[in-house]
Amino acid sequence: MAYLSGILALAAVWVFCAFLADRFRLNAALLPLPVLAGVAVWLCLWGFAGFLRLGGWLVYLAAAGCAVWLAAGGGLLRAARRLAAPGFVFFAAAGAVFFVLFAATKPMFIAWDEFTFWGTACKATKLGNALHAAAPGNVQAGSYNPGMMLLVYFFQFFGKGFSEWSAFFAYDTLFAACMSAVAAPLDKKRWPTAAVLLAGCFLLPWFFSA
């Protein structure tokens, strides 16, 4: 189910972006980041109320509703044209690559020490279906901001257990969304410039790591 959850999460983000781009005529490259952030905020609010699982179901039902609206209203072709922006094409491709990469390699938190801390909070959120600070049995990860944990929760919502590689997938999808926003000012006529810019964004973390 971890594989299906990852695919459905990525598909839901794409559908939300397509709906917003078509309905409000927005730059598609700008949308992945606010969509992911909006999902995290939405889940956080439902988590405060003690109904995190219900909040997750509502997100996916909303995505299904947006897909039906696009299909019934003939907006699929219009949305596809808007999603052809360089930044969004990169986001979609990067998300697919990250999914295949992490599903195949299945990295573990223990390989990167900085992930072992917030990884505990992600696991508590998923297994307890609650904000990590209130998750049953959680006595370690009570002080972290909930945003990243809730994004990981969204990306493995339909799985029964907890998948560490799915957390990396969610984390890097957010990174791709940031890069998409950087390339948003470049339209379809500036693909070469967008390619250079996005390549620079992709390589940027290596300049700040050992």
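One can find the structure itself at the top, above this paragraph.
What counts and how
- Residues numbered from 1 in each chain as written.
- Predicted model: local features only at pLDDT ≥ 70, side-chain atom pairs only at ≥ 80, totals over all residues.
- Heavy atoms only, no water.
- Helix = DSSP H or I, 4+ residues; strand = E, 2+ residues; numbered from the N terminus.
- Rg over C-alpha atoms; globule rule 2.2 N^0.38 Å.
- Buried < 20%, exposed > 50% of the residue type's maximum accessible area, 1.4 Å probe, protein only.
- Contact = heavy atoms within 4.5 Å.
- Areas by Shrake-Rupley, 256 points an atom, 1.4 Å probe, with all protein chains shown as cover.
- Lys, Arg positive; Asp, Glu negative; His and termini not counted.
- Charge placed at Lys NZ, Arg CZ, Asp CG, Glu CD.
- Disulfide = S-S within 2.5 Å.
- Phe/Tyr/Trp six-rings, centres within 6.5 Å; stacked < 30°, edge-to-face > 60°.
- Lys NZ or Arg CZ within 6 Å of the ring centre and 35° of its normal.
- Patch = residues over 30% accessible without salt bridge, like charges linked within 9 Å, V, L, I, M, F, W, Y side chains within 5 Å.
- Salt bridge = Lys/Arg side-chain N within 4 Å of Asp/Glu carboxyl O.
- Axes fitted to C-alpha atoms, helices over the stretch in contact; angles between N-to-C directions.
- Parallel < 35°, antiparallel > 145°, perpendicular 65-115°, else oblique.
- Core = buried A, V, L, I, M, F, W, Y, C linked by side-chain atoms within 4.5 Å.

1. A few points about the overall build of the chain
At step 1: Along its length, the chain carries nine helices and zero strands.
At step 2: Reading the chain from its N terminus to its C terminus gives the helix and strand order α-α-α-α-α-α-α-α-α.
At step 3: Relative to its length of 210 residues, the chain is compact, with a C-alpha radius of gyration of 17 Å against a globular reference of 17 Å.
At step 4: Counting only C-alpha atoms, the chain reaches 55 × 45 × 30 Å along its principal axes.
At step 5: Out of the 210 residues in the chain, the part that is buried amounts to 46%.
At step 6: Looking at the chain alone, contacts between residues at least 24 apart form 72% of all its contacts between residues at least 6 apart.
At step 7: As displayed, the chain has an accessible area near 10,700 Å², and 72% of this comes from carbon and sulfur atoms.
At step 8: One finds the centroid of the 13 positive side-chain charges in the chain at a distance of 16 Å from the centroid of its 6 negative side-chain charges.

2. Let's talk about the state of the cysteines
Disulfides are covalent bonds that link the sulfur atoms of two cysteine residues.
At step 1: Inspection of every chain in the model, using the stated rule, returns zero disulfides.
At step 2: Take Cys 122: it sits in no disulfide, and the sulfur closest to it among the cysteines is that of Cys 44, at 14 Å.
At step 3: Classification of Cys 122 by relative accessible area gives buried; the value is 1%.

3. Side note on the packing of aromatic side chains
At step 1: A full pass over the atoms with the stated rule returns 21 aromatic pairs.
At step 2: The ring of Phe 24 has Arg 23 sitting right over it, with the charged end atom 5.5 Å from the ring centre.
At step 3: Here the guanidinium or amino end of Arg 53 rests over the ring plane of Phe 157, the centre of that ring lying 4.3 Å away.

4. Notes on a nonpolar patch on the surface
At step 1: Taken together, the side chains of Phe 202, Leu 203, Leu 204, Trp 206, Phe 207 and Phe 208 define a hydrophobic patch exposed on the protein surface, amounting to about 750 Å² of accessible area.
At step 2: Looking at the secondary structure, you find Trp 206 in the segment after helix 9 (191-203).

5. What to know about the environment of Ala 9
At step 1: Tracing the sequence through the fold places Ala 9 in helix 1 (residues 2-24).
At step 2: Distance from Ala 9 to Ala 104, taken between C-alpha atoms, is 18 Å for residues 95 residues apart in sequence.
At step 3: Apart from residues no more than four positions distant in its own chain, Ala 9 is found in contact with Tyr 60, Phe 154 and Phe 155.

6. Re the packing of helix 2 (residues 32-49) against helix 8 (residues 164-182)
At step 1: Packing of helix 2 against helix 8 brings their axes to within 7 Å, and their N-to-C directions diverge by 140°. Classified by the interaxial angle, the pair formed by helix 2 and helix 8 is oblique. On the side of helix 2, the interface is formed by Pro 32, Leu 33 and Leu 36, while helix 8 contributes Thr 173, Leu 174, Ala 177, Cys 178 and Ser 180.

7. Thoughts on the side chain of Asp 22
At step 1: For Asp 22, the position within the fold is in helix 1.
At step 2: Here Asp 22 is in contact with Trp 69, Leu 70, Gly 75, Arg 78, Ala 79 and Arg 82, once residues within four sequence places are set aside.

8. Remarks on the nonpolar core
At step 1: Grouped together as the largest cluster of nonpolar side chains are 62 residues, with contacts concentrated most on Leu 43, Trp 118, Val 152, Phe 154, Phe 155 and Phe 169.
At step 2: Of all elements in the fold, only helix 1, helix 2, helix 3 (52-72), helix 5 (86-105), helix 6 (113-128), helix 7 (147-155), helix 8 and helix 9 reach the threshold of two or more residues within this core.
At step 3: When residues of this core are assigned to their parent elements, the largest contribution, 10 residues, is made by helix 1.
At step 4: Not counting residues up to four positions away in its chain, the partners in contact with Phe 155 are Ser 5, Gly 6, Ala 9, Leu 36, Phe 169, Ala 170 and Thr 173.

Honestly, it's all geometry; don't read function into it.
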